[in-house]
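Residue-level structure breakdown
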Amino acid sequence: MHICDIFAAHRTTFSFEFFPPRTPKGWEQLFKTIEELMPLRPSFVSVTYGAGGSTREKTHELVVRIKEQIGCEPIPHLTCVCHTQEEIQAILERYAAHGISNIMALSGDIPRDKPGHDRSKDAFRYAAELVRFIRQFNESGLHPDPRGFGIGVAGYPEGHPDTPNRLKEMDYLKAKVDAGANYIVTQLFFDNRDFYDFRERCELAGIHVPIIAGIMPITSIANMERIAELARGSRIPAGLLRAVRRCGEDEEYVRRVGIQWATEQCRDLLDNHVRGIHFYTLNQSTATREIYANLGARDSSALET
């Protein structure tokens, strides 16, 4: 289902993000997670993407399996880094052939195993260029949907880590939307005031596409440290840090604090008419299911505002 149809069908969307596992055991765990989360009736799910060859194939495999075996709408990530134009064209043709309706277009990070990679050799350096290319693909008529792929892009409520000039940052985001993006999914954040300010700045910049809020609950000290590393520039508020430190070495209490914090974020976002909430699951189901339960919802339909 095209993302525009998803937004038309749901006043508030709820979605989950997964990543392709590296091991057979990881695949088994992931599909157990998906099985546990599907009763929550997500509007769609997304699948992350790495620039390495094997990871690319795993992303495609996971996307197709979710669509054909689970019956949920998958949205694959696609990055510019380490790609020629011909490779991106082939990926789009392959997804179109499988009836995949949407793409999340990202610039991407240089893979850890290619630290010296020269970005000037990539077909596209910035996500706006990739969005424009997908839009051209859509106009070619190669997709079974006459509209082609729905296109999502990333937004950063606390600011893009590579763009310290916040005025320029909004110009770059608007360039992605003007190039053809249909919606924005934000980087995770822990203070809703950052999201509301970002949403208002988008409005002032003339960005009027739906903005989906990214949420990731802290579930352990190690998880918190990983979040700080993966989500560069993400700020963990003092109040949350203080609550986590009160827990000492008790990981169960840390988990409870993190889930409660994320629950209150979601409650407040829903009260303030967020267009969608995107849960970064790290391929686990428990935290997301507990947040739904804390909100008094058996599935996503009960949360639509």
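Here, the structure is the one placed above.
Throughout what follows, the structure given in this document is the object of discussion. Quantities reported herein were computed from a predicted structural model and do not represent experimental measurements. (Residues numbered from 1 in each chain as written. Predicted model: local features only at pLDDT ≥ 70, side-chain atom pairs only at ≥ 80, totals over all residues. Heavy atoms only, no water.)

Turning next to helix H8 (residues 221-230). What sets the pattern is the α-helix's 3.6 residues per turn: residues three or four places apart point alike. For H8, the complete set of buried residues consists of Asn223, Met224 and Ile227. Within H8, the buried residues cover an arc of 100 degrees as seen down the axis, which keeps them to one side. Exposed residues lying more than 90 degrees from the buried face of H8 are Ala222, Glu225 and Glu229. Of the surrounding secondary structure, the elements contacted by the buried residues of H8 are strand S6 (183-188) and helix H9 (238-246). (Buried < 20%, exposed > 50% of the residue type's maximum accessible area, 1.4 Å probe, protein only. Helix = DSSP H or I, 4+ residues; strand = E, 2+ residues; numbered from the N terminus. Arc of directions from axis to C-beta. Contact = heavy atoms within 4.5 Å.)

In this section: the pairing of strand S7 (residues 211-215). Of all five residues in S7, five are buried; the element is thus mostly enclosed. Burial along S7 is two-sided: Ile211, Ala213 and Ile215 and Ile212 and Gly214, pointing in opposite directions, are all buried. As paired strands, S6 and S7 are joined by three bridges and run parallel to one another. Bridge assignment links Ile184 to a residue of S7, and that residue is Ile211. A crossover links S6 with its parallel partner S7, the connecting element being helix H7 (residues 192-204), and its sense is right-handed. Here S7 pairs with strand S8 (residues 276-280) via four bridges, running parallel. Opposite Ile212, over in S8, you have Gly276 as the bridge partner. (Pairing = 2+ DSSP bridges. Right-handed = clockwise from strand over helix to strand, strands pointing away.)

Looking now at the environment of Phe279. By the secondary structure assignment, Phe279 is in strand S8. Counting along the chain gives 189 residues from Phe279 to Ala90, while the straight-line C-alpha distance between them is 29 Å. Contacts of Phe279, omitting those with residues within four sequence positions, involve Phe14, Ser15, Phe16, Glu17, Ile215, Cys266, Thr288, Ile291 and Tyr292.

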